[in-house]
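A closer look at the structure
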Amino acid sequence: MLRCQNLYKTFHPDGNPLNDKKALQGVSLTIHDNDFIAVIGGNGSGKTTLLNCIAGVHRPDRGSMILDDIDLRDYKEHERAKWIGRVFQDPLQGTIADISLFENLALASKRGEKASPFRWALSRAKKEEFQTLLKPLGLGLEDRLDAKIGSFSGGQRQSVTLLMATMRTPKLLLLDEHTAALDPKTAKTVMELTIQIVSTHHIPTLMITHNMKDAIAYGNRLIMMKEGRIVFDCAGDEKKGLTIETLLKKFAEDESVEAESIL
Amino acid sequence: MYFEWLNFFFSPISNGLIFVLLALGVFIAFRVLDIADLSVEGLFPMITVLTCYLIRQGWNPFLAVLLCLLIGAFTGALNACLSLYLKIPPLLSGIIMMSATLSFALVFIYYNGGSPSLLGGYPTLFNWLSASLIGAGLSTFWGTILSKIIVVGMIVALVMFFLYFFFGTELGLAIRATGKNKQMARANGLSVKRMTIIGLSLSSAAVALAASLYAQASLGGTAQDGQGMIVIGLSIIFLGEAILPHQSFKRHLLAIFGGSFIYWYIIQILMKLMDYIPGGSNYLTLWKALLLVLVLAVPYLILQAKKSRANKKEEENDAPMPESL
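What counts, and where the lines are drawn
Residues numbered from 1 in each chain as written. Chains lettered and ligands numbered in written order. Predicted model: local features only at pLDDT ≥ 70, side-chain atom pairs only at ≥ 80, totals over all residues. Helix = DSSP H or I, 4+ residues; strand = E, 2+ residues; numbered from the N terminus. Contact = placed C-beta atoms within 7 Å. Axes fitted to C-alpha atoms, helices over the stretch in contact; angles between N-to-C directions. Parallel < 35°, antiparallel > 145°, perpendicular 65-115°, else oblique. Left-handed = near helix turned anticlockwise from the far one by under 90°. Nonpolar A, V, L, I, M, F, W, Y, C, P; charged D, E, K, R; others polar. Pairing = 2+ DSSP bridges. Core = buried A, V, L, I, M, F, W, Y, C linked by C-beta atoms within 7 Å. Buried ≥ 20, exposed ≤ 12 C-beta atoms within 10 Å, placed from the backbone. pLDDT = per-residue confidence, 0-100.

**Some details on the overall build of chain B**
In terms of helices and strands, chain B carries 12 helices and 2 strands. Mapped from its N terminus to its C terminus, chain B presents α and β elements in the order α-α-α-α-β-α-α-α-α-α-β-α-α-α. Each principal axis of the C-alpha atoms in chain B carries an extent, and together these give about 85 × 55 × 35 Å. Taking contacts inside chain B between residues at least 6 apart in sequence as the whole, the part at least 24 apart equals 77%.

This is the structure:
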């Protein structure tokens, strides 16, 4: 369970206070162990900043983040990787193109452990282990362990990244628009793979998406962010009843409230 | 005349072997870690002069080499820390280290009683072997050259095996990964700082090893020894890549090995040609620069030519429409 309380984050791009960007303005969010949360919101609403604060890319100015009993603020980004799996929007970012699939997986299989100079990175046992992991993906990758990832398609790379992020079951999975760069058909396949992996390993998941259909179709909970705040949070049956129209209305509704408050 | 030609054919071998080590060092920084480390130009002369100093002080040549290796590793670590902890761009931290180490080269020269620091008559790594080879009936020429080739050859083989195995371990793989994709490295729990420090230490240690052997093979060291070392290292890497493209790590190492010899034979031929021009040797670094341009440009041009040929074929296959406008 991740408990975020009162997260604030302001970016100072050039030191001029007028240009300060208030990315998070008091975000409190509890992610339960059975949660698969879809996060939606416009550009600059703070979705990615929230994810990056949890992952350790940014340090929040204020607020606390407790994962189970771990105070995340005590750990750096690479140290948090032990508990937090991540998949990025850009398929090029999650894997290394110039080395083989086997080597990529070997790295991920050691996530959170100290890399030792006295153990081989690759072994026959690992090869077999990876082949059994790759087979269920149905992409034929189990026969391409020695191929460089650079020769893979975007969908294949995202599937591999997903596998790498969950190979050692994390306490939390962060997905940052991980299907946005894929064509609709591949995106659907990767999305279904995500659901399959997350549900078999019971991984609490936070997924940013721009696709409202996905946000409604997948997961048990939906969060809408706006100007650094969570403006809408629904789960269970209420979420099942959502339609794109109601979501759009929510977006607009909020805008008018703001417009009124300005007037 | 006979000896001149023998020298022509054999001297590039020992140079080629020594510069495999330099190129491996440059390779680790430039290709594995993706850092253009310019400190080489200062580290190299510092180590050649330091080697002379130590040996002239009566150090065992073997211990002198070991110390140089450690100092090289330390320099690399310091260089990495400058950019990692003080946020100095790697290119600049390399230049800073170059400037600092160059100063130490001058200090050691001062202690040696002025430049150049000569090793003639002092024991080197090669002495014992050349002495016993000559004792076994070889001429001085063969004894000297063979002892260099054997000793340096063994060290190069050792280093290449070590690097091959090291970069196959978990730590080695982690360093390679960090150089290629820092975001992925962090997301997989690798400390970019730790990996960069270890990687640059290895890189500079290899360069220091090359410098120490270079001083002992050429029996001296000057503050100018570092000039053009980056160019040489990069030329060897690119030459190797031109010969053996699409590489695995093993092939990378072999390519550097081959590239170094080819490079030194090309230089040898150029120097021979220079002999026929008055003041010709002054153009040597220019030739080296042109060579690097060539090595970089030719694979690119070949690729472009292939592409345009492929495009042309496609166009022909597409049966271009007659101009109907």
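**Describing the packing of helix α3 (residues 61-85) of chain B against helix α4 (residues 90-111) of chain B**
Residues and elements named next belong to chain B. Two elements in contact, α3 and α4, have axes separated by 9 Å at closest approach and are oriented at 140°. Relative to α4, the element α3 is oriented oblique. For the pair α3 and α4, the crossing hand works out as right-handed. Residue-level inspection shows Thr75, Leu78, Asn79, Leu82 and Ser83 of α3 in contact with α4, the latter providing Pro90, Ser93, Gly94, Ile96, Met97 and Thr101. In terms of residue class, the contact of α3 with α4 is made up of 5 nonpolar, 6 polar and no charged.

**Digging into the sheet that holds strand β10 (residues 229-235) of chain A**
All names here are of chain A. Spatially, 6 strands are ordered β6-β7-β8-β3-β9-β10 in an open sheet, and the strand pairing comes out mixed. Pairing within the sheet leaves two strands with one partner each, and these edge strands are β6 (84-87) and β10. Neighbour-to-neighbour, the strand axes of this sheet turn through a mean angle of 20°, independent of strand direction. Alignment of strand β3 (residues 36-41) against strand β8 (residues 205-208), held across 4 bridges, turns out to be parallel. The residue of β8 that forms the bridge with Val39 is Ile208.

**Re the nonpolar core**
Residue and element names in this part refer to chain B. Core analysis: the largest hydrophobic core is formed by 154 residues, its most contacted members being Phe19, Leu21, Ala23, Ala210 and Ile256. Of the residues forming this core, the biggest block, 16 residues, is contributed by helix α9 (residues 192-218). Residues contacting Ala210, with those up to four places away along its chain left out, are Ile18, Phe19, Leu21, Leu22 and Gly25.

**Some thoughts on the interface of chain B and chain A**
In this assembly, 20 residues from chain B lie in contact with 25 residues from chain A. Counting residues per element, the side of chain B that touches chain A draws most heavily on helix α7 (residues 170-180) of chain B, which supplies 8 residues.

**Some words on the pairing of β10 of chain A**
All names here are of chain A. Pairing analysis gives 6 bridges linking strand β9 (residues 221-226) to β10, with the strands arranged antiparallel. Opposite Met224, over in β10, you have Phe232 as the bridge partner. Turn length for the β9-β10 hairpin, with the two strands adjacent in sequence and antiparallel, is 2 residues, and the turn residue Glu227 shows positive phi of about 45°.

**Description of the packing of helix α4 (residues 101-109) of chain A against α7 of chain B**
In the contact formed by α4 of chain A and α7 of chain B, the axes pass within 10 Å of each other and the chain directions differ by 105°. Classified by the interaxial angle, the pair formed by α4 of chain A and α7 of chain B is roughly perpendicular. Here Glu103, Ala106 and Leu107 of chain A of α4 of chain A lie close against α7 of chain B, whose contacting residues are Leu173, Ala174 and Ala177 of chain B. Here the contact of α4 of chain A with α7 of chain B is built from residues that sort into 5 nonpolar, no polar and 1 charged.

**Section: the sheet that holds strand β5 (residues 70-71) of chain A**
All names here are of chain A. Read from one edge of the open sheet, 4 strands run β2-β1-β4-β5, paired in antiparallel fashion. Where the open sheet ends on each side, the last strands, each with one partner, are β2 (21-31) and β5. Here strand β1 (residues 2-11) runs beside strand β4 (residues 62-67); their pairing, made up of 5 bridges, is antiparallel. Looking across to β4, one finds that Cys4 is bridged to Met65.

**Some thoughts on the confidence of the model for chain B**
All names here are of chain B. For chain B, per-residue confidence averages 87 on the pLDDT scale, and 95% of positions sit at 70 or higher. Note that residues 319-325 has pLDDT below 50 and, in this model, 1 contact with residues that lie over four places away or in other chains. Quick note on the complex model: pTM equals 0.87, ipTM equals 0.87.

**A few points about the confidence of the model for chain A**
The predicted coordinates of low-pLDDT regions are not to be read in fine detail. In this model, chain A carries a mean pLDDT of 87, and residues with pLDDT of at least 70 account for 96%. Contacts of residues 259-263 of chain A to residues separated by more than four positions or lying in other chains number 0 contacts, the stretch itself having pLDDT below 50.

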